[in-house]
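Below, each chain spelled out in residue letters.
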Amino acid sequence: MGHPEFGKAIPCRCVLSESEEERTARLQRYSSLGPLTRLTFANLIDRGRSMNPRDQEQFRRLVVDARAFAGQPEGWILIHGASGAGKTHVAAAIANACLEQGRPALFVVVPDLLDHLRAAYNPGSEIGYDALFDQVRNAPVLILDDLGTQNATAWAQEKLFQVLNHRYNAQLPTVVTTNLELENIEERTRMRLTDSELSRVYHVEAFASTAHLGPLEILDHPRIREMTFESFDTKLFHLPLEQRESVQRAYRSALNFAENPERWLVLEGANGCGKTHLAAAIANRRLALGERPLFLVLPDLLDFLRHAMERDSSVNFYDVFSRVRNAPLLIVDDVGAQTDVAVWVRERFAQLINHRYTACLPTVFTVSLDSVGRLERRMAARLTDPNISTEVPIIAPAYQVDLDVRSPGPSPGAPSQSSRTQGRPRGSAPAQTRPYPGPRGRPPGDP
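An account of the accompanying structure is given in this report. For clarity, every value in this text was computed on a predicted model and none was experimentally measured.

## Digging into the overall build of the chain
Thinking step 1. Each helix and strand counted, the chain has 16 helices and 12 strands in total.
Thinking step 2. A buried classification covers 47% of the 447 residues belonging to the chain.
Thinking step 3. Taking the contacts inside the chain whose residues are at least 6 apart along the sequence as the reference set, 80% of them involve residues at least 24 apart.
Thinking step 4. For the chain, the exposed area adds up to about 21900 Å²; of that, 50% sits on carbon and sulfur atoms.

## Things to note about the packing of aromatic side chains
Thinking step 1. Tallied over the entire structure, the rule returns 5 aromatic pairs.
Thinking step 2. Look at W264 and Y357: their rings are 5.9 Å apart centre to centre, the planes differ by 65°, and that puts the pair in the edge-to-face class. Of this pair, W264 sits in strand β6 (residues 264-269) while Y357 sits in helix α14 (residues 343-358); the two residues are 93 residues apart in sequence, bridging distant segments of the chain.
Thinking step 3. Under the relative-accessibility criterion, W264 is labelled buried at 1%.
Thinking step 4. A network of ring pairs unites the aromatic residues F229, F232 and Y251 as a single cluster.
Thinking step 5. Seen from the ring of F161, R188 lies directly overhead, with NZ or CZ sitting 3.9 Å from the centre.
Thinking step 6. Above the ring of Y357, the side-chain terminus of R382 is found at 4.2 Å from the ring centroid.

## Overview of the sheet that holds strand β2 (residues 106-109)
Picture the strands of a sheet paired through backbone hydrogen bonds; they go either parallel or antiparallel.
Thinking step 1. Taken in spatial order, the 5 strands make up an open sheet running β2-β3-β4-β1-β5, and their pairing is parallel. The sheet is open, and its two edges are formed by β2 and β5 (199-204), each paired on a single side. Averaged over neighbouring strand pairs, the angle between their axes works out to 15° when direction is ignored.
Thinking step 2. With 6 bridges joining them, strand β1 (residues 76-81) and β5 adopt parallel strand pairing. Bridge assignment links I77 to a residue of β5, and that residue is R200.
Thinking step 3. Relative to strand β4 (residues 174-178), helix α4 (residues 87-100) is tilted by about 160°, and along the sheet it contacts β1, β2, β3 (142-147), β4 and β5.

## Some points on the sheet that holds strand β10 (residues 389-394)
Thinking step 1. As summarised here, the arrangement of the 5 strands in space is β7-β8-β9-β6-β10, forming an open sheet in which the pairing is parallel. Of all strands in the sheet, those with a lone pairing partner are β7 (294-297) and β10, marking the two edges. Taking each pair of neighbouring strands and ignoring which way they run, the sheet shows an average axis angle of 15°.
Thinking step 2. Of the pairings in the sheet, the one linking β6 to β10 comprises 6 bridges and is parallel in character. Residue V266 lies in a different strand from β10, and its bridge partner there is E391.
Thinking step 3. Along the sheet face, helix α10 (residues 241-259) touches β6, β9 (363-368) and β10 and points at about 145° away from the line of β10.

## Observations concerning the pattern of salt bridges
Thinking step 1. Counted according to the given criterion, the structure contains 9 salt bridges.
Thinking step 2. Between D220 and R225 there is a salt bridge, with its nearest N and O atoms 3.5 Å apart.
Thinking step 3. The exposure class assigned to R225 is partly exposed, which follows from its relative accessible area of 40%.
Thinking step 4. Two residues, R285 and E230, come together in a salt bridge whose shortest N-O distance is 3.3 Å. Taken together, the residues span a long stretch of sequence, with R285 in helix α11 (residues 275-288) and E230 in the loop between α9 (222-226) and α10 at a distance of 55 residues.
Thinking step 5. Assessed through its relative accessible area of 65%, E230 is described here as exposed.
Thinking step 6. By sharing partners, the salt bridges in this structure join E158, E186 and R188 into a single network.

## A word on unusual backbone geometry
Thinking step 1. Backbone geometry places D334, a non-glycine residue, at a positive phi of 65°.
Thinking step 2. Looking at the secondary structure, you find D334 in strand β8 (residues 330-335).
Thinking step 3. Of the residues examined, D334 reaches a relative accessible area of 18% and is grouped as buried.
Thinking step 4. One non-glycine residue, C360, adopts positive backbone phi at about 55°.
Thinking step 5. Structurally, C360 is set in the loop between α14 and β9.

## What to know about the side chain of H277
Thinking step 1. Structurally, the position occupied by H277 is in helix α11.
Thinking step 2. Only 2.9 Å separates the side chain of H277 from the backbone oxygen of T228, close enough to count as a polar contact.

## Thoughts on α11
Thinking step 1. Between the first and last C-alpha of α11 there are 20 Å, a value that for 14 residues agrees with the 20 Å anticipated at 1.5 Å per step.
Thinking step 2. Among the 14 residues in α11, 12 count as buried, and that is most of the element.
Thinking step 3. Taken together, the buried positions of α11 are occupied by K275, T276, H277, L278, A279, A280, A281, I282, A283, N284, R285 and R286.
Thinking step 4. Phi turns positive, to about 95°, at G290, one or two residues after α11.

Parameters at a glance
Residues numbered from 1 in each chain as written. Predicted model: local features only at pLDDT ≥ 70, side-chain atom pairs only at ≥ 80, totals over all residues. Heavy atoms only, no water. Helix = DSSP H or I, 4+ residues; strand = E, 2+ residues; numbered from the N terminus. Buried < 20%, exposed > 50% of the residue type's maximum accessible area, 1.4 Å probe, protein only. Contact = heavy atoms within 4.5 Å. Areas by Shrake-Rupley, 256 points an atom, 1.4 Å probe, with all protein chains shown as cover. Phe/Tyr/Trp six-rings, centres within 6.5 Å; stacked < 30°, edge-to-face > 60°. Lys NZ or Arg CZ within 6 Å of the ring centre and 35° of its normal. Pairing = 2+ DSSP bridges. Axes fitted to C-alpha atoms, helices over the stretch in contact; angles between N-to-C directions. Salt bridge = Lys/Arg side-chain N within 4 Å of Asp/Glu carboxyl O. Polar contact = N/O pair within 3.5 Å; in protein donor to acceptor, adjacent residues only side chain to side chain. Expected span 1.5 Å × (residues − 1).

This is the structure in structure tokens:
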């Protein structure tokens, strides 16, 4: 009874012997973050995604508060606003920062939570309903993402209220994100989420109107939407081994980037070898995951910027420039294809690229090998920097639809307008050679 540790919780031998790596892995399994471990404060745009200075200042205050919360979780944070405003990134960054400090945090998307609770009623469930419900309700730090996207049944509303009400009464650290307007949240829940004595409420905005980029964005073009990883042929038995392996390596690199967009990916090859297809596949995969990348053709972008600077232009140059420069994921097709570009336009593009380079913003470039020599020294240096860029050369010849392979037509290796994006590589044209040394970064997933 008189022992100084009487009544105190002390770690058992198995916990004491646990390595730091094992502890981190255990905490990550508990967190349910999955692929969102990539969303951290380090790669968060701390001014948000709105062009409005007032919105940017609000987002900065949110980031400061979120960092403080992650360092010492206290009270509640409610983040509401339109999709694409950065709510999930901030919430995941809080969870990841907690894990880095060895503090357990549970991140869960609200519809997924309700599905898990329903499944827990099944006698064959790995974890019983009561145990799962208690784990969520009493998590040391709970982060509920996308409140309001669930099927709003009476049962779902009641379970959410029970979780939030328990944590409200116990004043347990909680973060909630929602795209609902506050007045559209059920009254009992809203009263707890917005209690000024416990909760800090932040409204965040996404990009300003993007109508002025309509002519530039090609992601919704029918042919681009057809270019997916599923429609990309990687077998290519008719190609020489070296060419076939280069296509397969590019496919793996693009797929890995699509699953975890980080830093830069540069796809290089002859016109029509499949670069645009893989870039579009990355964009379509992110689109399916609820994000919207910005997919642009570089010559079109430069022309657009030039016209936007004209005195009678109907669009604001700086809005367009900021939108492209700060896009969460930017995909630029046909780098090097631009010609006769004014010096000041090239300078603006260099500013754009330099910003994304220093901020390490996820970016995909496609570059034709025959245009590499025309790249400016600054641009080439950025694209080939192994600290940020992974270069993936494709040495296969131009693509062509299967019908063109089977039927008489142009000699193998002669590109045509329709051969740019689909079907299989044609014949056995000689491998292209690179005008500068090989890729400096090993493509992701490359054995």
